[in-house]
Amino acid sequence: MYDLLRSLWREPRPAAALPLRWWDWVLVGVLVSVALVEGVARGGVVSTVLAVGLVPVLLVRRSAPLGAVGGAFGVCAVASVVVGRNFPDLNVMVYLVLLPFALFRWGSGREAGLGAVVMVGQVGLAVLLGYQRVADAGAGVLVLAAAMAVGAAVRYRSRARTRQLDQVRLLLARDLHDTVAHHVSAMAIRAQAGIAVAPSDPAAAVAALRVIEQEAGRALDEMRALVRVLRAGELPEMGPVGDLTSLTSTGHPTVDVRVVGDAAELPAPIAATVFRLAQEAVTNARRHARHATAIEVLAEITPTTIHLHITDDGDPPPARPPGLGLTGMLERATLLGGTCTAGPSPERGWTVTADLPRTGVAR
C-alpha cells in the first residue's frame, strides 16, 4: 500500500494539457451572465461578486489545476470566516466541480493530493464553524470525490489510448521492416539470377529486371502507405497489406502457398498478422536457408483458429540469437492471443508454425 501511494504521489503531469479553446470563453461568458442574474434575484452582493469573480479561474484549470483549486476553495473558506456563512451559496457555483475534475485529469500526483486536502479542508471548516450540517458536508464530499474519480478515469483512459497508439506505431514499424526485407530479398534473388543467365540468355536477364522493377514499385507503394499512417497519428484499420497467394513464386527457391478454408471473413488484425507472419517466414527462408529449392506455406482456417505452417527444404542456419524478424513474429502472435514457434525441422529445413484465435483477443 505504501509503495502504491508513493507511486501515485510521484506521478507526473500528463505530457501536455489541452490549450484554451473557444468554448472555454463561451462557458465563462455564460456563467458570468447566469451568476449576475442569480445574484440580483437573490439579493446577495458578496455572493454575486464571489460567483462572478471566481469564474475566470476556470480558464487556468488545465494549465494550473492546483492553483485553480487552491484559489477558488481558499477564497470560499476566507469568505465564510469573514462574512459568517457558508460559501459557495449560489446554485451557479456548481461550476466549481470542474476544478477537482481538472485537478485529477491534468495535475501531478502531488498536486492532486494537496488539492484534495484543500477541498476537504474547506468543507470541514464549514462544519466546524457551524455553517453546514454534517450530512450536507458528507454529500458535498461525495460530489467532489465523484468529480475527482471521473477526472482520474478520463486521465487513465487517455493514457491507455496513447499506449495503444504507440503499440500500433510499433506494429507499423515492423510492417515497414517486413515490407523492405521481403521485397529487397526478392530483388536481390532476381538480380543474382539475372547476372547468372545474362551471358547465355539476355532475354531472361531483361525479364529479371522487369521483376525487380515491379518489386521495387510494390515496396515503395507499401512504404508510402505505412508512412502516411504513421504521420497521421491515428489508430488505423489493421487490414492485410497483401494476399497470401501473392507470396507464390516460381523462382529459386519456389514458393507454394495453400489456403484451406475461407479467409474472406477474417478480422482485419488477424488477416494482417497472418500475412506478415508468412511474409517474414518466406523472407527468412530465402535469405538464410542454404541450398533450399522449395518453400511451402499452408494456412488452415477453421471457425475458431488459424493455423499457419511454413517450411523449407534447405540446410538450417547455424544457431544464433533470434533477430528482429523472428522476435517481431513472436510478439505479433502473442499480441493477438496466439503462439508462434520457429526451429529446425526433424529431417531437413526450417519450420515456422503459428496458431491464432480467430477472434484475435489482444493481450
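Since this is a predicted model, take the numbers as computed values, not measurements.

Caption draft 1: Inspection of the side chain of threonine 351 at higher detail. Here threonine 351 shows up in strand S5 (residues 350-357). In this structure the side chain of threonine 351 is engaged in a polar contact, spanning 3.3 Å, whose partner is the side chain of threonine 311. Discounting chain neighbours no more than four positions away, the residues touching threonine 351 are His309, Ile310, Thr311, Thr341, Ala342, Gly343 and Ser345.

Caption draft 2: Inspection of the sheet that holds strand S4 (residues 339-344) at higher detail. Within the open sheet, the five strands sit side by side as S1-S2-S3-S5-S4. Their pairing is mixed. With one partner strand each, in any of the chains shown, strand S1 (254-260) and S4 form the two edges of the open sheet. Between one strand axis and the next, the sheet turns through 10° on average, direction left out of account. Across seven bridges, strand S3 (residues 305-312) lies against S5 in antiparallel orientation. Across the sheet, the residue bridging to leucine 308 is alanine 354, located in S5.

Caption draft 3: Structural context of a nonpolar patch on the surface. A grouping of Val46, Val78, Val81, Val82, Val83 and Leu129 is seen on the molecular surface, where their side chains present a nonpolar patch of about 500 Å² in accessible area. If you tally residues by element for the nonpolar patch, the top one is helix H4 (residues 65-83), at four residues. As for its position among the elements, valine 81 is in helix H4.

Caption draft 4: Main features of helix H6 (residues 109-128). Helix length check: H6, at 20 residues, gives a terminal C-alpha distance of 28 Å against a target of 28 Å (1.5 Å per residue), a fit within 8%. Every buried residue of H6 is listed here: Gly109, Glu111, Ala112, Gly115, Ala116, Met119, Gln122, Val123 and Ala126. Axial view of H6: buried residues confined to an arc of 165°, hence all on one face. Pointing more than 90 degrees away from the buried face of H6 are the exposed residues Val117 and Leu128.

Caption draft 5: Local environment of the pairing of S5. With six bridges connecting them, S4 and S5 associate as antiparallel partners. Paired with cysteine 340 across the bridge in S5 is alanine 354. Hairpin connection from S4 to S5: five residues lie between these consecutive antiparallel strands, with glycine 349 at a positive phi of about 90°.

Caption draft 6: Fine view of the pattern of salt bridges. Going through the model one piece at a time under the given rule, you end up with six salt bridges. Within the structure, one salt-bridge network assembled from shared partners comprises Asp24, Arg61 and Arg62.

Caption draft 7: Region of interest: the nonpolar core. Grouped together as the largest cluster of nonpolar side chains are 30 residues, with contacts concentrated most on Leu54, Phe73, Met93, Tyr95, Leu96 and Leu99. For this core, the element with the highest residue contribution is H4, accounting for six residues. Val274, Phe275, Ala278 and Met329 belong to the second-largest nonpolar core, a separate cluster that totals 28 residues.

Cut-offs applied
Residues numbered from 1 in each chain as written. Predicted model: local features only at pLDDT ≥ 70, side-chain atom pairs only at ≥ 80, totals over all residues. Heavy atoms only, no water. Helix = DSSP H or I, 4+ residues; strand = E, 2+ residues; numbered from the N terminus. Polar contact = N/O pair within 3.5 Å; in protein donor to acceptor, adjacent residues only side chain to side chain. Contact = heavy atoms within 4.5 Å. Pairing = 2+ DSSP bridges. Axes fitted to C-alpha atoms, helices over the stretch in contact; angles between N-to-C directions. Patch = residues over 30% accessible without salt bridge, like charges linked within 9 Å, V, L, I, M, F, W, Y side chains within 5 Å. Areas by Shrake-Rupley, 256 points an atom, 1.4 Å probe, with all protein chains shown as cover. Salt bridge = Lys/Arg side-chain N within 4 Å of Asp/Glu carboxyl O. Expected span 1.5 Å × (residues − 1). Buried < 20%, exposed > 50% of the residue type's maximum accessible area, 1.4 Å probe, protein only. Arc of directions from axis to C-beta. Core = buried A, V, L, I, M, F, W, Y, C linked by side-chain atoms within 4.5 Å.

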